[in-house]
Amino acid sequence: MCDNCERNSAENHPFSYENVEKLANYLKERVPIVPQIGIICGTGLGGVTELLTDSTIFDYKDIPGFPVSTVPGHHGRLLFGRIGTTPVVVMQGRFHFFEGYPLWKCTLPVRVMKLLGVSTLILSNAAGGINSSYNVGDIMLLRDHINFPTLGGNNPLRGPNDDKFGPRFGAMNDAYDRRILVEAKAVVKSLGMSGVQEGVYACIGGPSFETVAELRALRVLGADAVGMSTVHEVVAARHCGLKCFAFSLITNKCPMEYDSEEKQDHEEHLMVGKQREDDVKNFVGKLVLRLTQAKLA
Ligand SMILES: *[C@@H]1O[C@H](CO)[C@@H](O)[C@H](O)[C@H]1NC(C)=O
């Protein structure tokens, strides 16, 4: 496998069906369950793994061909197990473009999940709040996203297309499943959760945060929150037919003024993640149950 094989033939492409299948088979041989739901945990949101029973755990570095994450606060583990009775696979720690990986590699685990049997993907991230009515600690359910890397030509699907995964030109107008969003809002209500929003997530390349002018531009474009992840995985997931649901934990308010005291700080993100950990855990646990009952998993 190489990182710059974009000119290679479809068969040799590192993102090819055959290569992903090899990875999936490696895991299938070692895991007793067939996961229905995939969960990708963002910065500081790894507490979801505590919900798992009957788990089988892999360090990313022990899975041949799997990338390894390099961001502080991100574990690098793939966990299989059950939430309630629903078989799931959980990524504790994800891969970001800014770490140096090409996007096909950042999203490789999504295709592996697909071949393992997953039909629904739940994604989470830590994000900065742009919408002035958002507070630190809010949870934003994603209605949609603005994907700057993709708009600029950097798409995980760039390169040869393998129709076994999905079509060359995939629709994204229905990126976030409306039915799952309805179920998620019902869970929010049943748990009596406060500080829950619904909005648009903008993805930038990172790792540097945004300037004030960039943040103001994002606000004008209709973004409610901004971060550096998730959308790539959603592009790959929609391409291979997975239903997607995502939420952001608002870990800081973005500094929209030059004399703003708001901090853009990774440590701050981790701290807020810790504070909301139990809420997020309960929310995801109930959501998995509900999606299973509603046959959305
Ligand atoms: C900010 O969020 C609120 C609450 O969700 C929403 O009503 C409002 O339309 C959003 N503001 C903008 C400018 O999008």
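Shown above is the structure to which this text applies.
Basis of the calculations
- Residues numbered from 1 in each chain as written.
- Predicted model: local features only at pLDDT ≥ 70, side-chain atom pairs only at ≥ 80, totals over all residues.
- Heavy atoms only, no water.
- Helix = DSSP H or I, 4+ residues; strand = E, 2+ residues; numbered from the N terminus.
- Buried < 20%, exposed > 50% of the residue type's maximum accessible area, 1.4 Å probe, protein only.
- Contact = heavy atoms within 4.5 Å.
- Salt bridge = Lys/Arg side-chain N within 4 Å of Asp/Glu carboxyl O.
- Near = heavy atom within 4 Å.
- Polar contact = N/O pair within 3.5 Å; in protein donor to acceptor, adjacent residues only side chain to side chain.
- Areas by Shrake-Rupley, 256 points an atom, 1.4 Å probe, with all protein chains shown as cover.
- Nonpolar A, V, L, I, M, F, W, Y, C, P; charged D, E, K, R; others polar.
- Phe/Tyr/Trp six-rings, centres within 6.5 Å; stacked < 30°, edge-to-face > 60°.
- Pairing = 2+ DSSP bridges.
- Axes fitted to C-alpha atoms, helices over the stretch in contact; angles between N-to-C directions.
- Parallel < 35°, antiparallel > 145°, perpendicular 65-115°, else oblique.
- Left-handed = near helix turned anticlockwise from the far one by under 90°.

Peer 1: Explain the side chain of Ser-229 here, please?
Peer 2: Summarising the element assignment, Ser-229 is placed in the loop between strand E8 (225-227) and helix H7 (231-239). Relative accessible area serves as the criterion here: at 6%, Ser-229 is assigned to the buried category. Once residues within four sequence positions are removed from consideration, Ser-229 is found in contact with Arg-94, His-96, Asn-125, Tyr-201 and Cys-203.

Peer 1: Would you explain the pattern of salt bridges in this entry?
Peer 2: A side chain of one charge can pair with a side chain of the opposite charge if their charged atoms are brought near each other. Throughout the structure, instances matching the rule amount to 16 salt bridges. Among the ionic pairs, Asp-174 bridges to Arg-238, the shortest N-O distance being 3.3 Å. Separated by 64 residues along the polypeptide, Asp-174 in the loop between helix H4 (148-151) and helix H5 (178-191) and Arg-238 in helix H7 bring together distant segments of the chain. Measuring nitrogen to oxygen at the nearest pair gives 2.5 Å for the salt bridge that ties Arg-276 to Asp-279. Overall, the relative accessible area of 10% leaves Arg-276 in the buried class. The exposure class of Asp-279 is partly exposed, given its relative accessible area of 32%. Sharing partners across several salt bridges, the network here consists of Glu-18, Asp-162 and Lys-164.

Peer 1: What is the right way to read the environment of Phe-169 from this model?
Peer 2: Counting through the fold element by element, Phe-169 comes out in the loop between H4 and H5. What makes Phe-169 exposed here is its relative accessible area of 76%.

Peer 1: Even after reading the chapter, I still don't get the site of the ligand, so can you show me in this structure?
Peer 2: Within the structure, the ligand sits among Asn-131, Ser-133, Tyr-134, Gln-197 and Asp-224. Here Ser-133 contributes a side-chain N or O atom positioned 3.3 Å from an oxygen atom of the ligand. Here Gln-197 contributes a side-chain N or O atom positioned 3.1 Å from an oxygen atom of the ligand. Here the ligand loses 36% of its free accessible area of 360 Å² to cover by the protein chains. Per-class residue counts for the shell around the ligand are one nonpolar, three polar and one charged.

Peer 1: Would you mind going over the packing of aromatic side chains with me for this structure?
Peer 2: Two aromatic rings, taken as a pair, are described by how far apart their centres are and by the angle between their planes. Scanning all chains against the criterion turns up nine aromatic pairs. Ring geometry for Phe-58 and Phe-80: centres 5.9 Å apart, planes at 80°, overall edge-to-face. Here the residue Phe-58 occupies a position in strand E2 (residues 53-59), and Phe-80 occupies one in strand E3 (residues 77-83), the gap between them amounting to 22 residues. A single burial state applies to Phe-58 and to Phe-80, both of which are buried. Relative to Tyr-101, the ring of Phe-95 has its centre 5.8 Å away and its plane inclined at 80°; by these criteria the two rings are edge-to-face.

Peer 1: Whenever I open this one, the pairing of strand E4 (residues 86-92) confuses me. Can you help?
Peer 2: When a strand is regular, its side chains alternate between the sheet's two faces. Buried residues dominate E4, accounting for seven of its seven residues. Along E4, one buried face is formed by Thr-86, Val-88, Val-90 and Gln-92 and the opposite face, lined by Pro-87, Val-89 and Met-91, is buried too. The pairing of strand E1 (residues 37-41) with E4 spans five bridges and is classified as parallel. Residue pairing for E4: Ile-39 is matched across the bridge by Val-90. Bridge count between E3 and E4: seven bridges; the pairing is antiparallel. From the neighbouring strand, Ile-83 faces E4, where its bridge partner is Thr-86. A loop of two residues connects E3 with E4, the two strands running antiparallel in sequence, and Gly-84 in this loop sits at a positive phi of about 65°.

Peer 1: What's the story with unusual backbone geometry in this structure? I'm lost.
Peer 2: Most peptide bonds take the trans form, and the phi angle of most residues other than glycine is negative. Residue Pro-207 is bonded to the preceding Gly-206 through a cis peptide linkage, with omega at 0°. With respect to the helices and strands, Pro-207 occurs in the loop between strand E7 (196-203) and helix H6 (212-220). Despite not being glycine, Asp-54 shows a phi value in the positive range, around 50°. Position of Asp-54 relative to the elements: it lies in strand E2.

Peer 1: How do you make sense of the packing of H5 against helix H9 (residues 277-293) when you look at a structure like this?
Peer 2: For any two helices packed against each other, the geometry comes down to the angle between their axes and how far apart the axes lie. At their nearest, the axes of H5 and H9 sit 9 Å apart, and the two run at 130° to each other. Accordingly, the angle class assigned to the pair H5 and H9 is oblique. Relative to H9, the crossing made by H5 is right-handed. Residue-level inspection shows Ile-180, Glu-183, Ala-184, Ala-186, Val-187, Val-188 and Leu-191 of H5 in contact with H9, the latter providing Asn-282, Phe-283, Lys-286, Leu-287, Arg-290 and Leu-291. Here the residues of the contact of H5 with H9 are counted per class, giving nine nonpolar, one polar and three charged.

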